[in-house]
Amino acid sequence: MELTWLGHSGIKIKGSKTVYIDPFLTGNPAASTTPEEIEEANVVIVTHHHDDHLGDAFPICKKTGATLVAIHEVAVEGEAEGITAEGMNVGGTVEANGVRVHMVTAIHSAEKGDPAGVVIELDGKTLYHAGDTALTYDMKLIGEFFHPDLCFLPIGDRYTMGVPSAAKAVEFIQAKKVIPIHYGTFPIVSADPEDFKKRVQNLAEVIILKPGESYTL
Ligand code: NI
Ligand code: MN
């Protein structure tokens, strides 16, 4: 499958299904694409109700007919706009259009509903997108229970983990491959991904992408 960093926390997964996570494109100075350019999506996942994550999720669902997967309160908001949604909560699993999504803990805040991370199963691969979160011991459990092949971790600090805590998270998760996200979008979330890579050392392969770049898993 092909994993593309859209900038900030936005990820496109292109496998047998097309999945978007946290597609914050409009108003994102680092965005590599626009909602207008998105033609196809099966599932759109939103980790939490903050503008830089909810982003263009609703317009993309409306345009493509994708199913929204989000915490209950966000799903209800989407349904009110006529979107097909699978509402869920932390601890639960849903299958939407052939994509399995487990919702896991994130230590953060949200405008509505709780913040979350997601573990996604598609085409025999398991991916963990941590959303916005602090470093938490729960990551040990997520690693032990789901054995993610790859994880997306925020490193931008201030609103999420910074570089040192994200490096510790890699140790907790026992992730094999990591793509750092949620940095460089705005000066307030600047971080050095090379420093992150240095701190992770040989614990995991750190894949540094530029917005718009892809990694084949
Ligand atoms: Ni947030
Ligand atoms: Mn955020």
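Every chain begins its residue count from 1, and numbering advances along the sequence as written. By the order in which they are written, chains take letters starting at A while ligands take numbers starting at 1. In view of the model being predicted, local features appear only for residues whose pLDDT reaches at least 70, and side-chain atom pairs are presented and counted only at 80 or more, with totals across whole chains, interfaces and linings using the full set of residues. Only hydrogens and water are removed before side-chain values are computed, so all heavy atoms of the structure are retained for them.

K.L.:
Which parts of the structure should I look at to understand the packing of aromatic side chains?
P.N.:
Given two aromatic rings, their pairing is described by the distance between the two centres and the angle made by the two planes. When two rings of Phe, Tyr or Trp (its six-membered ring) have centres within 6.5 Å they constitute a pair, described as stacked for plane angles under 30 degrees, edge-to-face for angles over 60, and tilted for the intermediate range. By the definition in use, this model includes four aromatic pairs. Relative to Y183, the ring of W5 lies with its centre 5.3 Å away and its plane at 25 degrees, an arrangement referred to as stacked. Here Y183 lies in the loop between β12 (177–181) and α6 (193–200) and W5 lies in strand β1 (residues 2–7), a separation of 178 residues in the sequence. Using a 1.4 Å probe on the protein chains alone, a residue whose accessible area is under 20% of its type maximum counts as buried, one over 50% counts as exposed, and one in between counts as partly exposed. With a relative accessible area of 3%, W5 lands in the buried category. Considering the side-chain rings of F24 and F186, the 6.4 Å spacing of their centres and the 35 degrees angle between planes classify their relative orientation as tilted. Placement of F24 in the loop between β3 (18–21) and β4 (43–45) and of F186 in the loop between β12 and α6 is noted, with a sequence separation of 162 residues between them. Owing to a relative accessible area of 30%, F186 belongs among the partly exposed residues under this scheme. Secondary structure counts use DSSP, requiring at least four H or I residues in a row for a helix and at least two E residues in a row for a strand, with both numbered from the N terminus.

K.L.:
Can you walk me through the coordination of the nickel ion (ligand 1) in this structure?
P.N.:
Expected angles at a metal are 109.5 degrees for tetrahedral coordination by four donors and either 90 or 180 degrees for octahedral coordination by six donors. Only nitrogen, oxygen and sulfur atoms within 2.8 Å of the metal, or 3.2 Å for Na, K and Ca, are treated as donors, and water is left out, so sites may look incomplete. Taken together, H48 (NE2), H50 (ND1), H108 (NE2) and D132 (OD) make up the protein donors of the nickel ion (ligand 1), found 2.2 to 2.3 Å from the metal. Square planar and octahedral assignments, for four and six donors respectively, both demand that opposite donors be over 155 degrees apart and that all other angles lie between 65 and 115; tetrahedral needs four donors with all angles between 85 and 135 degrees, and anything else is irregular. Relative to the metal, the four donor atoms surrounding the nickel ion (ligand 1) lie at angles of 89 to 173 degrees, and the coordination shape comes out irregular. When the donors of the nickel ion (ligand 1) are listed by position in the chain, the intervening gaps give H-x1-H-x57-H-x23-D. A separation of 3.3 Å is found between the nickel ion (ligand 1) and the manganese ion (ligand 2), which share D132 as a coordinating residue. Separated by 58 residues along the polypeptide, H50 in the loop between β4 and α1 (51–54) and H108 in the loop between β8 (99–105) and β9 (116–122) bring together distant segments of the chain.

K.L.:
What's the story with the sheet that holds strand β10 (residues 125–129) in this structure? I'm lost.
P.N.:
As a general point, the strands of a sheet are linked pairwise by backbone hydrogen bonds and lie either parallel or antiparallel. Here seven strands make up an open sheet; going across it, the order is β7-β8-β9-β10-β11-β12-β13 and the pairing mixed. Two strands bound the open sheet, and with one partner strand each, they are β7 (93–96) and β13 (205–206). Looking at chain direction, β7 and β8 are connected through four bridges and run antiparallel. Directly across from E95, in β8, lies its bridge partner R100. Any two residues whose heavy atoms approach within 4.5 Å are treated as being in contact. Only the stretch in contact is used when a helix axis is fitted, and all axes are lines through C-alpha atoms; the angle between N-to-C directions ranges over 0 to 180 degrees. Those strands touched by helix α4 (residues 138–146) are β8, β9 and β10, and its axis lies near 155 degrees from that of β8. At least two DSSP bridges between two strands are required for those strands to pair.

K.L.:
Explain the coordination of the manganese ion (ligand 2) to me, please; I cannot follow it from the model alone.
P.N.:
The manganese ion (ligand 2) binds to the protein through D52 (OD), H53 (NE2), D132 (OD) and H182 (NE2), with metal-donor distances spanning 2.1 to 2.3 Å. Mapping the donors of the manganese ion (ligand 2) onto the primary sequence yields the spacing D-H-x78-D-x49-H.

K.L.:
Teacher, can you tell me more about the environment of K17 here?
P.N.:
For K17, the position within the fold is in the loop between β2 (10–14) and β3. Here K17 falls in the partly exposed class, since its relative accessible area comes to 26%. Considered as a pair, K17 and T67 are 50 residues apart in the sequence and their alpha carbons are 12 Å apart. Discounting residues that sit within four places of it in the chain, K17 has contacts with N42, N97, G98, V99 and L122. The definition of a polar contact used here is a pair of N or O atoms within 3.5 Å, where within protein one atom must be able to donate a hydrogen and the other to accept one, and adjacent residues in sequence count solely through side-chain atom pairs. A distance of 3.5 Å separates a polar atom in the side chain of K17 from the backbone oxygen of N97.

K.L.:
I keep staring at the environment of H50 and nothing clicks. Help me out?
P.N.:
By relative accessible area, H50 is classed as buried at 15%. Residues H50 and Y183, spaced 133 residues apart in sequence, show a C-alpha to C-alpha distance of 16 Å. Other than its neighbours up to four places away in sequence, H50 contacts G55, H108, S109, A110, E111 and D132.

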